[in-house]
Amino acid sequence: HGYGGGMGIGSSSGGGGGGGADGSIPLITKRGLAIAYLEALVALEVATGESHDELGYLLIEGVVEPGTAPQMQKQFRDKLRRFLKTSQQYRADRMLTALPHNFLHEQALVLSRLGDHQQVLRIYVRDLKDISEAERYCDRIYKEATAGAGMHAHAAAGLSSASGGG
């Protein structure tokens, strides 16, 4: 499973902190270069699990580092969310502990990967008060289960019946 993270490798667009028009991170910092390199490895499906972890950590740092321009924080966070949603190789338990406590959407993505559907729904319903996101999550898990994803079949069946059948 590759990470579809909008690599932006050829774009060394720059200026002092604005990203490229395509959402790419400028290659004028060590972090920007490292992210582009790791995204390329992930896209080519040659990255190790440790490379996936490192990419996640770098994206988190890009969001939380003091002095990062708001537009760049948004780009880092969007990339982080895409990465957490699509990569199957990062170590979810470690990524969960690395996420700041206020990164609720990101925590939900990682908890979903860990199969903790109850906690995901708790975040969407109680913390974010986003019932439609909770319903979309249940629908997605149910569809994965009925499509033969297997891994989530038991949990999705429980979620489906708890939410009124989907």
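Residues numbered from 1 in each chain as written. Predicted model: local features only at pLDDT ≥ 70, side-chain atom pairs only at ≥ 80, totals over all residues. Heavy atoms only, no water.

### Concerning the overall build of the chain
Assigned secondary structure in the chain consists of eight helices and zero strands. Ordered by position in the sequence, the α and β elements of the chain form the string α-α-α-α-α-α-α-α. Counting the 166 residues in the chain, one finds 40% classified as buried. In the chain, of all internal contacts separated by at least 6 residues, the share reaching a separation of at least 24 is 50%. (Helix = DSSP H or I, 4+ residues; strand = E, 2+ residues; numbered from the N terminus. Buried < 20%, exposed > 50% of the residue type's maximum accessible area, 1.4 Å probe, protein only. Contact = heavy atoms within 4.5 Å.)

### Let's talk about the confidence of the model for the chain
Within the chain, residue pLDDT values average 81, and 72% of them lie at 70 or more. Of the regions scoring below 50 in pLDDT, residues 1-22 engages in 52 contacts with residues more than four places distant in sequence or in other chains. (pLDDT = per-residue confidence, 0-100.)

### Concerning helix 6 (residues 117-127)
Listed as buried for helix 6 are His117, Val120, Leu121, Ile123 and Tyr124. Taken down its axis, helix 6 places every buried residue within 155° of arc, on the same side. Among the exposed residues of helix 6, those pointing more than 90 degrees away from its buried face are Gln118 and Arg126. Following helix 6 by one or two positions, Lys129 has its phi on the positive side, about 50°. (Arc of directions from axis to C-beta.)

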